[in-house]
Amino acid sequence: MTVPLVVAIGTMHGKEVAIAPPLARLGIAALVPIGLDTDAFGTFTREVARTGSMLDAARQKARAACKLTGLDVGIGSEGSFGPRPDIPLLPLGREVIVFWERTTGREIVEQVVDEQPAFLGRRVANIDDLDALIARTDFPATSLVVSPVGDDIHAKGLRTLSKVIDTTRWAIAKSQEGLALVQTDMRANHNPRRMRTICLAAEALAKRLSTHCPRCGSYGWGLVGVERGLPCSICGTPTGLVSLECHGCTACEYAVSSVRSDGIVSADAANCPNCNP
C-alpha cells in the first residue's frame, strides 16, 4: 500500500507551513481548504469551548478538510497548554497530529511534547506591569492577546508595543475588577515556538508514513500503545511509568511489544508507591 498523492490539511492558521514540507519529501502534496473555520472546534481564549479531547479536535479538523476538498485523506492537529503536572509553576505543551482516511476510517496519530512552550499569561493592574511580562516572552515574534478580566472580549494578534499598551489600558478600564489579562497568542501563525513544535509532529508523522508493516507491507507502522508498570529499581514494585512499548500497524492491526526504546528498565524510587508513598 502506497501513501496518498494528495492530502487535505485542516487549518486556518497557516499550519501548512510546518506540515507540508515533511510530507513533500515523501512525494505527498498538501491542499488547504478554502473557508474552513477551525475555530468552530475550540479556541485557546475559550469563547468557543473545545468539546472532547485534543485528539477529537484534531480528528474534526481532518474530517472537515476532507469534506471541503473532496479528498480521501485529511490531516488535523491540535495543541494543549497548561502547567506541568510535576512542576506546576512551569508550562507544558502538547501537540497531536492525526492522519485520517475517509474510505477506511484508519488513523495514524503522533504526539510531541514541548517542555518550554511560548505560553504565558498574567493579570495586570497598570501599564507598568507590562514590562516584566513582555520580557518573559519573545514578543513581538509571538503575538499577545489582551482581555478585560471578567469579560469575554479578546483583542488578539497584537504585535506592536503601542497596540499592547493602548489595549491594556482599555481592558483595565473596561474590567469591573480593574484588571487586564495579557497572554501569549497560541494560534500557530502567531506563535513561532508552537509552529516549530507542529513541524516536529509532522516530521514524526512523515517518519511513520515511511515505515512499513512487516506483515502486510502497509505504511504507518509505529507506536500504537504502551504498557505501564516499570519496576522500582530498589524494591521491584510496579510503578505508573511505561515498561513496554507496543508497535503496530493501523491497517492490519498486527502488533508487537518490546522494551522501551530509550533503554530504561527500572524506575527511580521517587516514582515508587512503596518506597515513596
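Check the entry above for the structure.
Predicted model, so just to flag it, every value in this text is computed and none were measured.

**Student:** Looking at this model, I keep getting lost on the environment of Lys15. Mind explaining?
**Tutor:** By the secondary structure assignment, Lys15 is in the loop between strand E1 (6–9) and helix H1 (16–24). In sequence terms Lys15 and Asn189 are 174 residues apart; their C-alpha atoms lie 7.2 Å from each other. Residues in contact with Lys15, not counting those within four places in the same chain, are Lys61, Ser77, Glu78, Ala188, Arg194, Met195 and Ile198.

**Student:** Got a minute to help me understand the packing of aromatic side chains in this structure?
**Tutor:** Given two aromatic rings, their pairing is described by the distance between the two centres and the angle made by the two planes. Applying the stated criterion across every chain, the model contains four aromatic pairs. Taken together, a centroid distance of 6.0 Å and an interplanar angle of 80 degrees make the contact between Phe99 and Tyr219 edge-to-face. Note that Phe99 is positioned in strand E4 (residues 91–101) and Tyr219 in the loop between helix H5 (192–209) and strand E10 (222–228), a separation of 120 residues in sequence. Residue Tyr219 is classed as buried on the basis of its relative accessible area of 3%. Cluster of aromatic residues (ring-pair linked, three or more members): Phe44, Phe81 and Phe119. One residue, Arg106, lies across the ring of Tyr219, its end atom 4.6 Å from the ring centre.

**Student:** Got a minute to help me understand the packing of H1 against H5 in this structure?
**Tutor:** Helices that pack against each other are described as a pair by the angle of their axes relative to one another and the distance between those axes. Interaxial distance between H1 and H5 falls to 8 Å at its minimum, and their mutual angle equals 25 degrees. What the angle tells us is that H1 and H5 run roughly parallel. As for how H1 packs across H5, the hand of that crossing is right-handed. Counted together, Ala18, Ile19, Pro22 and Leu23 of H1 and Met195, Ile198, Cys199, Ala202, Glu203, Ala206 and Leu209 of H5 form the full contact between these two elements. When its residues are assigned to classes, the contact of H1 with H5 shows 10 nonpolar, no polar and one charged.

**Student:** For this particular structure, what's the right way to read the layout of surface pockets?
**Tutor:** Think of a ball as big as a water molecule: rolled over the atoms, this probe shows where empty space is left. One number sums up the size of the largest pocket: a volume of about 1,200 Å³. Residue lining of the largest pocket: 49 residues in total, with Phe44, Phe81, Phe119, Gln183 and Met186 positioned closest to the centre. Residue assignment for the lining of the largest pocket shows that the elements contributing at least two residues are strand E3 (73–83), strand E6 (121–124), strand E7 (144–148), strand E9 (180–184) and H5. For the lining of the largest pocket, the leading source of residues is E3, giving six residues. Here the second largest pocket is characterised by a volume of approximately 320 Å³. If you go around the second largest pocket, the residues you meet are Leu55, Val96, Glu107, Ile108, Val109, Glu110, Gln111, Arg208, Leu223, Val224 and Thr250. Of all the secondary-structure elements, those providing two or more residues to the lining of the second largest pocket are strand E5 (107–114) and E10. The dominant element in the lining of the second largest pocket, judged by the number of residues it contributes, is E5, at five residues. Split by residue class, the lining of the second largest pocket holds six nonpolar, two polar and three charged.

**Student:** Looking at this model, I keep getting lost on helix H4 (residues 161–174). Mind explaining?
**Tutor:** Given 3.6 residues per helical turn, the α-helix brings residues three or four places apart onto the same face. If you check H4, its first and last C-alpha atoms are 20 Å apart, about what 14 residues at 1.5 Å a residue would give, namely 20 Å. Residues of H4 that are buried include every one of Val164, Thr167, Thr168, Ala171 and Ile172, and no others. Buried residues of H4 fall within an arc of 140 degrees about the axis and therefore sit on the same side. Each element contacted by the buried residues of H4 is listed here: E6, helix H3 (130–135), E7, strand E8 (155–158) and E9.

**Student:** Even after reading the chapter, I still don't get the nonpolar core, so can you show me in this structure?
**Tutor:** The tendency in soluble globular proteins is for nonpolar side chains to be buried side by side. Residues Ile19, Ile75, Phe99 and Leu209 are the most contacted members of the largest nonpolar core, which totals 20 residues. Secondary-structure elements contributing two or more residues to this core are E1, H1, E3, E4, E5 and H5. In terms of residues, this core owes the most to one element, H5, which gives six residues. Grouped together as the second largest cluster of nonpolar side chains are 15 residues, Leu133, Ile134, Leu144 and Ile172 included.

**Student:** So what exactly am I meant to see when it comes to the pairing of E4 here?
**Tutor:** Burial runs high along E4: nine of the 11 residues are buried. Sheet topology places E3 next to E4; 11 bridges connect them, and they run antiparallel. Bridge pairing in E4 places Gly76 opposite Val98. Summarising the sheet, E4 and E5 pair through eight bridges and their orientation is antiparallel. Among the inter-strand pairings, Trp100 is bridged to a residue of E5, identified as Glu107. Linkage of E4 to E5, two consecutive antiparallel strands, is achieved through a turn of five residues, within which Gly105 is found at a positive phi near 80 degrees.

Definitions and cut-offs
Residues numbered from 1 in each chain as written. Predicted model: local features only at pLDDT ≥ 70, side-chain atom pairs only at ≥ 80, totals over all residues. Heavy atoms only, no water. Helix = DSSP H or I, 4+ residues; strand = E, 2+ residues; numbered from the N terminus. Contact = heavy atoms within 4.5 Å. Phe/Tyr/Trp six-rings, centres within 6.5 Å; stacked < 30°, edge-to-face > 60°. Buried < 20%, exposed > 50% of the residue type's maximum accessible area, 1.4 Å probe, protein only. Lys NZ or Arg CZ within 6 Å of the ring centre and 35° of its normal. Axes fitted to C-alpha atoms, helices over the stretch in contact; angles between N-to-C directions. Parallel < 35°, antiparallel > 145°, perpendicular 65-115°, else oblique. Left-handed = near helix turned anticlockwise from the far one by under 90°. Nonpolar A, V, L, I, M, F, W, Y, C, P; charged D, E, K, R; others polar. 1 Å grid on protein atoms, 1.4 Å probe; cavity = no way out; pocket = protein on both sides within 12 Å on 5 of 7 lines; lining within 4 Å. Points joined across faces, edges and corners; volume = space filled by probe spheres on them. Expected span 1.5 Å × (residues − 1). Arc of directions from axis to C-beta. Core = buried A, V, L, I, M, F, W, Y, C linked by side-chain atoms within 4.5 Å. Pairing = 2+ DSSP bridges.

Limitation: the analysis is restricted to geometry and does not speak to function.
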